[in-house]
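# Coordinate inspection notes
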Amino acid sequence: MTTYVPDHNQTLYEITDDVHKGFLISWCIILGVFSVFGNTLVLVASIKYKALKLDNISVMLIKHISFADVLYALVVILMVGWSLIINDWPLNHPLCEASVFLQFFLALVDINFIWVLNVAKLTCIIYPFRARLRTKNTGYLVAGTIWLASNIYPLQCAAMRRPVYFDYRSYRCAYLSTPDVWEWLDPLNTMIFFLTPNIIVIVTTIWLLLFANKMKGIHKQAVLTMLTVSLVFCISYAPIGVYMTTEKWITAAAGVDKHKDFLYVQLYRYGTLVKFLNNSTNPIIYYATITSFREFVREKVFGIKKQSISFSTRSQTIAISIRAVAMKRRTSDRLSNFVKNRHATTKLQTVEIET
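Along each chain, residues carry numbers from 1 onward, in the same order as the chain's sequence is written. Restriction of local features to residues with pLDDT of at least 70 applies here, the model being predicted, together with a cutoff of 80 or more for giving and counting side-chain atom pairs; totals for whole chains, interfaces and linings are based on all residues. Note: side-chain values were computed over all heavy atoms of the structure, leaving out hydrogens and water.

## Some details on the pairing of strand 3 (residues 172-175)
- Working definition: with a 1.4 Å probe on protein chains only, accessible area under 20% of the residue-type maximum means buried, over 50% means exposed, and in between means partly exposed. Helix numbering and strand numbering both begin at the N terminus, where a helix is a DSSP run of H or I of at least 4 residues and a strand a DSSP run of E of at least 2. By the alternation rule, side chains of strand 3 split into R172 and A174 and C173 and Y175, which are all buried.
- Here strand 2 (residues 163-167) folds back onto strand 3 in antiparallel fashion, the turn holding four residues, of which Y171 has a positive phi close to 55°. Two strands pair if DSSP finds at least two bridges between them.

Right under this line is the structure:
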C-alpha cells in the first residue's frame, strides 16, 4: 500500500478568498451532482429501456463510460467540493490513499474507453462486413481488458509504496513527487498512459470527421456522438495535459517560490477542475445527438409524451398523400383511356368483319 504523509503546503497554496472558494465549491457540486444524475439516467435508459439505438458495441462502451463517470463524480468531483468546504481532506488517511488510487484508475478507464469507442466506430465504417462478425462476447472482452489494464499505473504506485498527501493546489489527495525512481518513471507513465491515448483520440476524431457527412441514420448519430464526446474530452483535458507534459520545465522555472508561479499553481488547479467537464457533459451530448435517448428523457423525465405525428411528419404525410392521389388519378385516367380505345378498336374490327 501507499503511505500517507502530513500536508506540507497548506499555508502556501490554500484558497483564502471566500468568493473564489465559493465559485469552486459551486463548480464541483453542480458538475458532480449532474454527473451522477445524468450518467445514472444513461445507464437506466440503456440497460432497462434499451433507449440507445446505436450499434451494440457502441452502446456497451457507452454504458461502461457512464458507470466510470458516476464513480469518478462520487470519488473525486464531490470529494473536492467537500474538501474545499472544510479546507482539508474530510476522511481518514487510508481513504485518502484509496482516493488517489481510484482517481487515477477511473481517469484511465475513461480515457481508454473513449479512444476504444472511436476506434470501434472507425472499424465499423471502414470494415463493415468484418464489424458484423463482432458479438457481445467481443464487447465484454474489450471492456474487461480496459478495466484491468487501467489498474497498471495505480497498482504500480501502490506496490512501490509511493507517498500520498493532501494537495492544496487541487484540494484532493495526490501522489508525492520525490527525487528518486519517480523522477524518470513519472514522465514515462505520462507518455504511455495519458499522452498516447489522447493522441489516439485526436487522430481518430479527425478521421471520423471525414466520414461524418457520408453516414445516415443511426450510424450518423453514432459518428456525431463520438465526435462531440471526443471534442469535449480534448478541450477538458487540454489544460492538465499541457501541465503534465511540461511539468518538469514548469517546476524548474518556478524555482524556490513555486507558490507564486501562475503555471505551477493556477494551471494545475484549474486544469484538474476543467477536466470535470468531461465526466459531466456526456449525458447532454447523448441527449443532443441520439434521437432515441432524447425521446426517452422527454417522456420519462419531463413527462412529454411523444406525439404520434409531428408537424414536419404530418406535412410530409400530407404531401405524400397528395402525390399518391394525383398518381392514382393519372393511373385511373390512363386505364380509362386504354379501355375506351380498346373498346373502340374492338367495335371497329367487328364492323369490318360484318362488312
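Anyway, onward from the coordinates.
## Examining the nonpolar core
- Here, nonpolar core refers to any group of buried Ala, Val, Leu, Ile, Met, Phe, Trp, Tyr and Cys residues whose side-chain atoms link them within 4.5 Å. I62, V80, L84, F113, F276, Y286 and F293 are the most contacted members of the largest nonpolar core, which totals 84 residues.
- Contact between two residues is taken to exist if any of their heavy atoms lie within 4.5 Å; hydrogens are not considered. When near neighbours in sequence (up to four residues on either side) are disregarded, V80 contacts C28, S170, Y171, R172, L273 and F276.

## Thoughts on the packing of helix 8 (residues 182-211) against helix 9 (residues 217-254)
- Where helix 8 contacts helix 9, the two axes come as close as 9 Å, and the packing angle between them is 145°. You can see that helix 8 and helix 9 cross each other, and the crossing is left-handed. Along its contact with helix 8, which presents T190, F194, L195, N198, V201, I202, T205, L208 and L209, the element helix 9 presents V223, M226, L227, S230, F233, C234, Y237, M244 and T245.
- Residues are grouped as follows: Ala, Val, Leu, Ile, Met, Phe, Trp, Tyr, Cys and Pro are nonpolar; Asp, Glu, Lys and Arg are charged; every other residue, Gly included, is polar. Its residues assigned to classes, the contact of helix 8 with helix 9 comprises 13 nonpolar, five polar and no charged. Interaxial angle, 0 to 180 degrees, is taken between N-to-C directions of lines fitted to C-alpha atoms, where a helix line uses only the stretch in contact. In this scheme the handedness of a crossing depends on how the near helix is turned from the far one: anticlockwise by less than a right angle means left-handed, clockwise means right-handed.

## With respect to the layout of surface pockets
- Using a 1 Å grid laid over the protein atoms alone, points where a 1.4 Å probe fits but cannot get out form a cavity; open sets with protein on both sides within 12 Å along at least 5 of 7 lines form a pocket; any residue with an atom within 4 Å of a point counts as lining. Grid points are joined across faces, edges and corners, and a volume is the space filled by probe spheres set on the points. In this structure, the largest pocket occupies an estimated 1300 Å³ of space.
- As for the largest pocket, its lining consists of 43 residues, and the residues nearest its centre are R162, S177, D186, Y243 and E247.
- Counting only elements with at least two residues in the lining of the largest pocket, the list comes to helix 4 (93-126), strand 2, strand 3, helix 8, helix 9 and helix 10 (262-274).
- Looking at side-chain class alone, the lining of the largest pocket contains 23 nonpolar, 10 polar and 10 charged residues.

## Topic: the environment of T190
- Mapping T190 onto the fold places it in helix 8.
- The class of T190 is buried, set by a relative accessible area of 13%.
- With 55 residues separating them along the chain, T190 and T245 place their C-alpha atoms 7.6 Å apart.
- Setting aside residues no more than four positions away along its own chain, T190 makes contact with L195 and M244.

## Describing the packing of aromatic side chains
- Classification of ring pairs rests on two measures: the distance between centres of Phe, Tyr or Trp rings, Trp counted by its six-membered ring, which must be within 6.5 Å, and the angle between planes, read as stacked under 30 degrees, edge-to-face over 60 and tilted in between. Overall, the coordinates contain 20 aromatic pairs when judged by the stated rule.
- A ring pair is formed by Y13 and Y264, whose centres lie 6.3 Å apart and whose planes are at 50°; its orientation type is tilted. Placement of the pair is Y13 in helix 1 (residues 10-13) and Y264 in helix 10, with a sequence separation of 251 residues. The residues Y13 and Y264 share a single accessibility class, namely buried.
- Geometrically, the ring pair formed by Y72 and F276 is edge-to-face, given 6.3 Å between the ring centres and 65° between the ring planes. Taken as a pair, Y72 in helix 3 (residues 56-86) and F276 in helix 11 (residues 276-280) lie far apart in primary sequence, 204 residues in all. The two residues Y72 and F276 agree in class, both being buried.
- Taken together, the ring pairs in this structure connect F67, F101, F105, F113 and W147 into an aromatic cluster.
- Our definition puts a charge over a ring when NZ of Lys or CZ of Arg is within 6 Å of the ring centre and also within 35 degrees of the ring normal. We note R169 situated over the ring of Y264; from NZ or CZ to the ring centre the distance is 4.2 Å.
- Here the basic side chain of R169 rests over the ring of Y268, its NZ or CZ set 4.1 Å away from the ring centre.

## Remarks on unusual backbone geometry
- Of note, the phi angle at N87 is positive, near 60°, even though the residue is not glycine.
- Note on placement: N87 falls in the loop between helix 3 and helix 4.
- Given the relative accessible area of 16%, N87 is considered buried.
- Positive phi values are uncommon outside glycine, yet R161 reaches one of about 50°.
- In this structure, R161 sits in the loop between helix 7 (152-159) and strand 2.

## Overview of the pattern of salt bridges
- For this analysis, a salt bridge means a side-chain nitrogen from Lys or Arg found within 4 Å of a carboxyl oxygen belonging to Asp or Glu. All chains considered together, the criterion is met by two salt bridges.
- For the salt bridge of D186 with R162, the shortest nitrogen-to-oxygen distance reads 2.6 Å. Of this pair, D186 sits in helix 8 while R162 sits in the loop between helix 7 and strand 2; the two residues are 24 residues apart in sequence, bridging distant segments of the chain.
- A relative accessible area of 2% places R162 in the buried class.
- The partner of R169 in a salt bridge is D167, and the shortest N-O contact between them spans 3.7 Å. When sorted by exposure, R169 lands in the same class as D167, which is buried.

## Overview of the side chain of Q221
- By the element assignment, Q221 lies in helix 9.
- Judged by its relative accessible area of 19%, Q221 falls in the buried class.
- Counted as a polar contact is a pair of N or O atoms within 3.5 Å, where, for protein atoms, one must be capable of donating a hydrogen and the other of accepting one, and residues adjacent in sequence contribute only when both atoms are in side chains. One polar contact links the side chain of Q221 to the main-chain amide nitrogen of T291, over a distance of 3.1 Å.
- Sequence-distant contacts of Q221, that is, excluding residues within four places in its chain, are made with L54, T289, I290 and T291.

## So, the confidence of the model for the chain
- pLDDT expresses, on a scale from 0 to 100, how confident the predictor is about each individual residue. Per-residue pLDDT for the chain averages 84, and the proportion of residues at 70 or more is 83%.
- Taken element by element, the chain is modelled with least confidence in helix 14 (residues 311-354), mean pLDDT 61, and with most confidence in helix 2 (residues 18-47), mean pLDDT 96.

## Description of empty space enclosed by the protein
- Tallied over the full model, the rule gives one cavity of 30 Å³ or more.
- Taken as a whole, the largest cavity spans an internal volume of roughly 30 Å³.
- Every residue along the wall of the largest cavity is listed here: V75, V76, M79, V80, S83, W89, S99, Q103, Y171 and R172.
- For the lining of the largest cavity, the elements supplying multiple residues, two or more each, are helix 3 and helix 4.
- No other element matches the five residues that helix 3 contributes to the lining of the largest cavity.
- Split into classes, the residues belonging to the lining of the largest cavity amount to six nonpolar, three polar and one charged.

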